[in-house]
Amino acid sequence: MEHEKDEFVDLKDGADHSKGMKQSKYYVAYMDILGYKDFFQSHPNDTELFLQTISEAVQETINQIESYKLIKDQSSVDSLEPQIKIFSDNILICTRCKKTNEDNFIPFLRLVKLMANIQLMFINKYHLVVRGSIAKGNFYIDERFVFGQALITAYEMESKEAV
């Protein structure tokens, strides 16, 4: 079976992605859109609409994250805007932890607020339930990779402990 050339990411682009790949402490929110598989099985002709629905919800979330960039804590040297990654029916939002727990209060609340807004938006606009969790721990994220114990913990909590 032949594949078109642009279907795959070329990991041999000349960049050494191993340099500078160090984990840091992050808050990692992992969310799952419930009913995704059932929707595809029961509504095979509506999958494009479903994709558009997810895209709209994600764009609203990105807009919220962009608004945080405008009001970020000016005393911080680190960039603490939440980052987002989407894969299938999974949403990952993370923010790097600051040095002290007291300084983490606002970034953590922003993350909780984003999760709550996503859940409300999906249920109100699209009648879809989103379940999620937040974990704090070692984590690495860039344009290609998400990696770390915080992701594993958040995933396990979402899939086994969340109600």
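Residues numbered from 1 in each chain as written. Predicted model: local features only at pLDDT ≥ 70, side-chain atom pairs only at ≥ 80, totals over all residues. Heavy atoms only, no water.

## Quick notes on the overall build of the protein chain
Counted only if it meets this: Runs of H or I in DSSP of at least four residues are treated as helices and runs of E of at least two as strands, each being numbered from the N terminus. Under the scheme applied here, a residue whose accessible area is under 20% of the maximum for its type counts as buried, over 50% as exposed, and between as partly exposed, the area being computed with a 1.4 Å probe on protein chains only. Throughout, a contact is declared for two residues whenever any of their heavy atoms are within 4.5 Å. Each accessible area is a Shrake-Rupley result for a 1.4 Å probe, and residues are judged covered by the shown protein chains and nothing else.
Counting its regular elements, the protein chain contains four helices and five strands. Shown N-terminal to C-terminal, the secondary structure of the protein chain runs as helices and strands in the order β-α-α-β-β-α-β-β-α. Across the 163 residues that make up the protein chain, the buried fraction comes to 34%. Here the analysis covers contacts within the protein chain between residues at least 6 apart in sequence; of these, 68% occur between residues at least 24 apart. Summed over all atoms, the accessible surface of the protein chain reaches about 10900 Å², with 54% contributed by carbon and sulfur.

## Structural notes on the packing of aromatic side chains
This is how it is decided: Two rings from Phe, Tyr or Trp (for Trp, the six-membered ring) form a pair when their centres sit within 6.5 Å of each other. Planes less than 30 degrees apart are called stacked, planes more than 60 degrees apart edge-to-face, and all others tilted.
This model, assessed by the stated rule, comprises four aromatic pairs. With centroids separated by 5.3 Å and ring planes inclined at 70°, the aromatic side chains of Tyr26 and Phe139 adopt a geometry described as edge-to-face. Pair noted here: Tyr26 is in strand E1 (residues 24-33) and Phe139 is in strand E4 (residues 130-141), with a separation of 113 residues, a long-range link. Side by side, Tyr26 and Phe139 carry an identical accessibility label, which is buried.

## Focus: helix H4 (residues 149-161)
How we decide: Given a helix with a known number of residues, its expected span is that number minus one, times 1.5 Å. Along the arc lie the directions from the helix axis toward the C-beta atoms.
Helix length check: H4 (13 residues) gives 17 Å between terminal C-alpha atoms against 18 Å at 1.5 Å per residue, within 8%. Residues Ala150, Leu151, Ala154 and Glu158 constitute the buried set of H4. Buried residues of H4 fall within an arc of 100° about the axis and therefore sit on the same side. Opposite its buried face, H4 presents the exposed residues Lys160 and Glu161, each directed more than 90 degrees away.

## Description of the pairing of strand E2 (residues 83-87)
Quick reminder of the rule: The pairing criterion for strands is at least two bridges between them, as found by DSSP.
Alignment of E2 against strand E3 (residues 90-96), held across five bridges, turns out to be antiparallel. Paired with Gln83 across the strands is Cys94, a residue of E3. In this structure, the hairpin formed by E2 and E3 is closed by a connection of two residues, where Ser88 is found at a positive phi of approximately 55°.

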